Amino acid sequence: MKAQLKDSDIHTDYQINRVSVALGARVEGIDVSEDSSRETIDLLRDLMLKHHLLVLPDQQLNALELESFGRRWGELLTHPATKHRDTQFVQWIGSSGEGRKFRFFPGSHPAGGGWHSDMTWHSTPPKYTGLLAKRLPSTGGDTIFSNQHLAYDTLPGELKENIEEKKAFHTGKVFGPDVEDSIHPVVRRHDETGEKALYVNPNFTKYVVGMPADESESLLFRIFSHHVRPEFTYRHRWNVNDLVLWDNRSVMHYAIADYSEQRIMHRIVVQGNVPH
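Small disclaimer: the values here were computed from a predicted structure and weren't measured.

Analysis parameters
- Throughout this document, residue positions are counted from 1 along each chain, in the order its sequence is written.
- For this predicted model, a pLDDT threshold of at least 70 governs which residues receive local features, and a threshold of 80 or more governs which side-chain atom pairs are given and counted, while totals over whole chains, interfaces and linings are taken from all residues.
- Calculation of side-chain values draws on the structure's entire complement of heavy atoms; hydrogens and water are dropped beforehand.
- Counting from the N terminus, the helices are DSSP H or I runs at least four residues long and the strands are E runs at least two residues long.
- For a helix, the expected span equals 1.5 Å multiplied by the residue count minus one.
- Whether a residue is buried, partly exposed or exposed follows from its accessible area with a 1.4 Å probe, protein chains only, as a fraction of its type maximum: under 20%, in between, or over 50%, in that order.
- Here the arc refers to the directions that run from the helix axis out to each C-beta atom.
- A contact between two residues is defined here by any heavy atoms of the two lying within 4.5 Å.
- Pairs of strands are assigned from DSSP output, requiring at least two bridges between the strands.
- To define axes, lines are fitted to C-alpha atoms, for helices over the stretch in contact only, and angles between the resulting N-to-C directions are given on a 0 to 180 degree scale.
- Planes of paired rings set the category: under 30 degrees apart is stacked, over 60 is edge-to-face and the rest tilted, where pairs are Phe, Tyr or Trp rings (Trp by its six-membered ring) whose centres lie within 6.5 Å.
- Think of it as a cone above the ring: NZ of Lys or CZ of Arg counts as a charge over the ring if it is within 6 Å of the ring centre and within 35 degrees of the ring normal.
- Salt bridge, as applied in this entry: a Lys or Arg side-chain nitrogen positioned within 4 Å of an Asp or Glu carboxyl oxygen.

1. As for helix α5 (residues 213-226)
Logical step 1: Given a rise of 1.5 Å per residue, 14 residues ought to cover 20 Å, and the 20 Å separating the end C-alpha atoms of α5 matches this to within 8%.
Logical step 2: Restricting attention to buried positions, one finds in α5 the residues Ser216, Leu219, Leu220, Ile223, Phe224 and His226. Looking straight down α5, one finds its buried side chains confined to an arc of 165°; they lie on one side.
Logical step 3: Each element contacted by the buried residues of α5 is listed here: α3 (148-153), α4 (157-163), β10 (196-198) and β11 (205-208).

2. Focus: the sheet that holds strand β6 (residues 143-147)
Logical step 1: Reading across from one edge, β12-β6-β14 is the order of the three strands in this open sheet, with antiparallel pairing throughout. Edge strands, defined here as strands with exactly one partner in the open sheet, are β12 (233-236) and β14 (251-255). Here the average twist between neighbouring strands, direction ignored, is 20°.

3. A word on helix α1 (residues 38-51)
Logical step 1: The end-to-end C-alpha separation of α1 is 20 Å, in line with the 20 Å expected for 14 residues at 1.5 Å each.
Logical step 2: Directly after α1, the chain includes histidine 52, whose backbone phi takes a positive value near 75°.

4. Quick look at the packing of aromatic side chains
The geometry of an aromatic ring pair comes down to the distance between the two centres and the angle between the two planes.
Logical step 1: Scanning all chains against the criterion turns up eight aromatic pairs.
Logical step 2: A ring pair is formed by tryptophan 73 and tyrosine 128, whose centres lie 5.0 Å apart and whose planes are at 70°; its orientation type is edge-to-face. Of the two residues, tryptophan 73 is situated in the loop between α2 (63-71) and β4 (91-95) and tyrosine 128 in strand β5 (residues 126-135); the sequence distance between them amounts to 55 residues. Here tryptophan 73 and tyrosine 128 have matching classes, each one buried.
Logical step 3: What links up through ring pairs into an aromatic cluster is the set Phe69, Trp73 and Tyr128.
Logical step 4: If you follow lysine 160 out to its NZ or CZ, it ends over the ring of tyrosine 152, 4.9 Å from the centre.

5. Regarding the pairing of β5
Logical step 1: Most of β5 sits inside the fold, with seven of its 10 residues counted as buried.
Logical step 2: Two elements, β5 and strand β15 (residues 263-271), share eight bridges in a ladder whose sense is antiparallel. Opposite leucine 131, over in β15, you have arginine 267 as the bridge partner.

6. Observations regarding the pattern of salt bridges
Logical step 1: By the definition in use, this model includes 14 salt bridges.
Logical step 2: Note that lysine 173 is salt-bridged to aspartate 181, the shortest N-O span being 2.9 Å.
Logical step 3: The class of lysine 173 is partly exposed, set by a relative accessible area of 38%.
Logical step 4: Between aspartate 191 and arginine 188 there is a salt bridge, with the nearest N and O atoms lying 3.4 Å from each other.
Logical step 5: For aspartate 191, a relative accessible area of 26% corresponds to the partly exposed category.
Logical step 6: One salt-bridge network, held together by shared partners, links Arg188, Asp191, Glu192, Asp247 and Arg249.

7. Observations concerning the pairing of strand β1 (residues 15-18)
Logical step 1: Across four bridges, β1 lies against strand β2 (residues 25-28) in antiparallel orientation. Bridged to isoleucine 16 within β2 is valine 27.
Logical step 2: The antiparallel hairpin formed by β1 and β2 contains six residues in its connecting segment, where glycine 24 sits at a positive phi of about 100°.

Dropping the structure here:
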């Protein structure tokens, strides 16, 4: 379909197509290095609210250009892991895969994989994440995304009632002893739409506040077993210079480490509000 703007003479060449039933839209015809106008960013924000994730192909941006584009969306956060040599506000993510596994959830739960929302351990975690593919393996290296509005909406009624007022403890200590911890609602209300979403994840959520450890783990396991069902997800197969933006308030993701060649990504995260 054609993008709809208040001024019908602006950006009429944009092509917008859904990439899955659950979430995501592919937006073609935008070169954000040339056009980061207010009208374009407003259009992308509206599309983000509707689709939760946007794929912008063929964005040939260096780190400083990606930072500049990110600042059109809000204040940028830094990440305690690797930073790009040109700017601390772009994270350099490089890996050769080699079957690495994440085991951040306490114990050896089968749910304790790499599913997460970015930086939920932060007091004001990101509202948006942007990931730009710079180098890819010949096969593998996909990323899967899961719509947490859908996940919440399809919970059994008794489970919804059980978690409605609960809060959970999130830790970022995997990135170092000085990284902060935070407590956030298990069910988050979106700042702009008011929609509810699940806001716990196997990587950073350690326990539900005020519950015995065994009950907390059982409750989290029920959620973790539900919130990544295939019907909530979109699997992105990357091309070099794909820029994928998503709403970190309503979307989790999982980077699949099924490759042995080098994979390099540049990432930006846009500061959000205190979850409520």
